[in-house]
Amino acid sequence: MDLRPLKTARDDLLLLDLDGTVIDIAPLPGEVWVDGSLKSVLHELFMRDPLGLVIVTGRSLSDADRLLTPIRLPAIASHGAEVRVAGTAAASTGALSIRYLKPALEAVLNPFITCGAIVEWKPYSSAVHVRTAPELAGPVLEALRAFVERNRSYRVQPGPYVFEVLPAGVAKATAVSRLMQHLPYAGRRPVFIGDDCADHDAMREVERVGGTALKVAGEYFPISDSHFASTADVRAWLMSRARERRQELRRIARVASASRRQENFR
């Protein structure tokens, strides 16, 4: 992939999805593995510019931290129900917990679980995975839409072989919009990289405020309409970005050193 058209500026704010964007999708969320080299690059980018990187994920904050351990990055998690960024005191945004709906939702999902669907309970949502039983996708979506029709405080967020029930006011796009108005991030140009429907809505919001949306090809974006062909391409781009920052710092150090020598000579 030619990385030259994807240059970014020093004061950009990089908004990164996780699954399907920087890490490969696995049959089950718990089977995902993050390579140490990716952690190192993310840590380097964050340390060089603590206001230049925020993870934006549907995973819970604790799960995202588990994946990225030992590093701890600013994050919008649980599709925006949890926010831990500079200038915030608490992670929770006050969204409704899914536990109030758990008994009723389990009654709807139990027939699908016996047929191979896998339910993932998060603090604010419930994700129904059908990657190992794709024939259930249509029936599960229909059942969940009927469920939220009876429970209007919640909505269904579709994804690649996964359907998530979450609070109606929670969305990556909403969280990103708030972030861009929040000091100290306000004024930075957002660059969002994502791969699915939830990311697409956030991308539209980023473009609305003059930012850049970069798509990763996969089960949602076709390769003909994407900037990255795979998660490996995104990782390579992040590595090139980190390398450019290192080179820039070396140039600055050389200039500063030369300036000091000239002052001493005088």
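All values derive from a computational prediction rather than experimental measurement. (Residues numbered from 1 in each chain as written. Predicted model: local features only at pLDDT ≥ 70, side-chain atom pairs only at ≥ 80, totals over all residues. Heavy atoms only, no water.)

## Examining the side chain of Ser-97
Thought 1: Considering the arrangement of structural elements, one finds Ser-97 in the loop between β4 (82-84) and α3 (102-113).
Thought 2: At 3.3 Å, the side chain of Ser-97 and the backbone oxygen of Pro-123 are in polar contact.
Thought 3: The residues touching Ser-97, leaving out its near neighbours within four places in the chain, are Pro-123, Tyr-124 and Tyr-154. (Helix = DSSP H or I, 4+ residues; strand = E, 2+ residues; numbered from the N terminus. Polar contact = N/O pair within 3.5 Å; in protein donor to acceptor, adjacent residues only side chain to side chain. Contact = heavy atoms within 4.5 Å.)

## Quick notes on the nonpolar core
Thought 1: Core analysis: the biggest nonpolar cluster contains 32 residues, and Leu-16, Leu-42, Ile-193 and Leu-238 have the highest contact counts within it.
Thought 2: Considering every element that reaches this core, the biggest residue donor is helix α1 (residues 36-48), with five residues.
Thought 3: Setting aside residues up to four positions removed in sequence, Leu-16 forms contacts with Val-22, Leu-42, Leu-53, Val-54, Ile-55, Val-56, Ile-193 and Leu-238. (Core = buried A, V, L, I, M, F, W, Y, C linked by side-chain atoms within 4.5 Å. Buried < 20%, exposed > 50% of the residue type's maximum accessible area, 1.4 Å probe, protein only.)

## Overview of the sheet that holds strand β2 (residues 53-56)
Thought 1: Judged by pairing direction, the sheet is mixed, and its six strands sit side by side in the order β4-β3-β2-β1-β9-β10 without closing on themselves. Among the strands making up the open sheet, the edge pair consists of β4 and β10 (212-215). On average, adjacent strands in this sheet sit at an angle of 15° to one another, irrespective of strand direction.
Thought 2: With three bridges connecting them, strand β3 (residues 75-77) and β4 associate as antiparallel partners. Paired with Ala-75 across the strands is Arg-84, a residue of β4.
Thought 3: Against the sheet, helix α2 (residues 61-68) contacts β2, β3 and β4, and its axis sits at roughly 50° relative to β4. (Pairing = 2+ DSSP bridges. Axes fitted to C-alpha atoms, helices over the stretch in contact; angles between N-to-C directions.)

## Section: the packing of α3 against helix α4 (residues 137-150)
Thought 1: Packing of α3 against α4 leaves a shortest axis separation of 11 Å and a crossing angle of 165°. Relative to α4, α3 is oriented roughly antiparallel. The interaxial crossing formed by α3 with α4 has right-handed handedness. Mapping the contact onto sequence places Ala-104, Leu-105, Val-108, Leu-109 and Phe-112 in α3 and Pro-139, Val-140, Ala-143, Leu-144, Phe-147 and Arg-150 in α4. (Parallel < 35°, antiparallel > 145°, perpendicular 65-115°, else oblique. Left-handed = near helix turned anticlockwise from the far one by under 90°.)

## Overview of the packing of aromatic side chains
Thought 1: By the definition in use, this model includes two aromatic pairs.
Thought 2: Ring geometry for Tyr-220 and Phe-221: centres 4.8 Å apart, planes at 75°, overall edge-to-face.
Thought 3: The class of Tyr-220 is partly exposed, set by a relative accessible area of 35%.
Thought 4: With relative accessibility at 3%, the residue Phe-221 sits in the buried group.
Thought 5: Arranged with centres 5.9 Å apart and planes meeting at 65°, the rings of Phe-228 and Trp-237 form a pair that is edge-to-face. For the pair Phe-228 and Trp-237, one class covers both residues: buried.
Thought 6: If you follow Lys-102 out to its NZ or CZ, it ends over the ring of Trp-121, 5.1 Å from the centre. (Phe/Tyr/Trp six-rings, centres within 6.5 Å; stacked < 30°, edge-to-face > 60°. Lys NZ or Arg CZ within 6 Å of the ring centre and 35° of its normal.)

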